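Examination of the molecular architecture
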Amino acid sequence: RGKELENDALGAFERLSGKKVKGGCGVWVSDVNESIALSPDGEIGKNEALEIKCLSSSRHLQAYFEKKIPSEYEDQTIQYFIVNEKLKTLYVAFYDPRIAVLPMHFITLNREDYEEKIEYNRDYQIQSLKEINRLINELNSF
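A short tour of the structure in this document, coming up. (Residues numbered from 1 in each chain as written. Predicted model: local features only at pLDDT ≥ 70, side-chain atom pairs only at ≥ 80, totals over all residues. Heavy atoms only, no water.)

Moving on: the sheet that holds strand β4 (residues 42-44). The five strands are arranged β1-β4-β5-β6-β7 in an open sheet whose pairing can be described as mixed. The open sheet has two free edges, formed respectively by β1 (22-23) and β7 (104-110), since each of these has just one partner strand. As paired strands, strand β6 (residues 89-95) and β7 are joined by seven bridges and run antiparallel to one another. Paired with T89 across the strands is N110, a residue of β7. Taken strand by strand, helix α2 (residues 57-66) contacts β6 and β7, and its axis lies near 50 degrees from that of β7. (Pairing = 2+ DSSP bridges. Helix = DSSP H or I, 4+ residues; strand = E, 2+ residues; numbered from the N terminus. Contact = heavy atoms within 4.5 Å. Axes fitted to C-alpha atoms, helices over the stretch in contact; angles between N-to-C directions.)

Following this line, the structure appears as structure tokens:
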């Protein structure tokens with residue numbers, strides 16, 4: 001459902017925010033470790049990006065009223081800042097055309113508000129990748 005609605009959501013975000021978004025951005029790869037990557041839903045200039053969520057109607061409204069990202073998507077949003085060290089702002093847009101009065105809303109995440117989580121998740125990923133590579137090398141030695 002999310003992939004099917006992504007272009008409509010991107011257009012709705014542009015209309016609501018007044019920002020021009022480049023979709024179909026491919027894959028971003030970290031300068032720190034090429035195994036750390038993500039596929040952004042949209043780029044806005046050099047230091048802003050867009051993540052689109054097309055959730056159930058109840059989750060769409062829950063995100064609006066609570067003004068926060070559902071916990072199961074928090075690591076995904078932090079990943080944007082890990083991969084792109086120049087990223088200052090991530091817009092997480094929620095789109096559900098079934099909610100006629102509120103088909104689109106978004107939450108703005110700023111890098112400075114998440115520095116601790118960014119650092120923790122980045123360090124965890126780097127250490128995990130080191131351990132995975134160690135295990136692969138060990139298995140390849142047989």
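Right, let's get into the layout of surface pockets. Here the largest pocket defines a volume of roughly 180 Å³. Taken together, W28, V29, S30, D31, V32, I82, V83, N84, E85 and K86 make up the full set of residues lining the largest pocket. For the lining of the largest pocket, the elements supplying multiple residues, two or more each, are β2 (28-29) and α3 (74-83). Classifying every residue of the lining of the largest pocket gives five nonpolar, two polar and three charged. (1 Å grid on protein atoms, 1.4 Å probe; cavity = no way out; pocket = protein on both sides within 12 Å on 5 of 7 lines; lining within 4 Å. Points joined across faces, edges and corners; volume = space filled by probe spheres on them. Nonpolar A, V, L, I, M, F, W, Y, C, P; charged D, E, K, R; others polar.)

Functional significance is not addressed by these values, which are geometric in nature.
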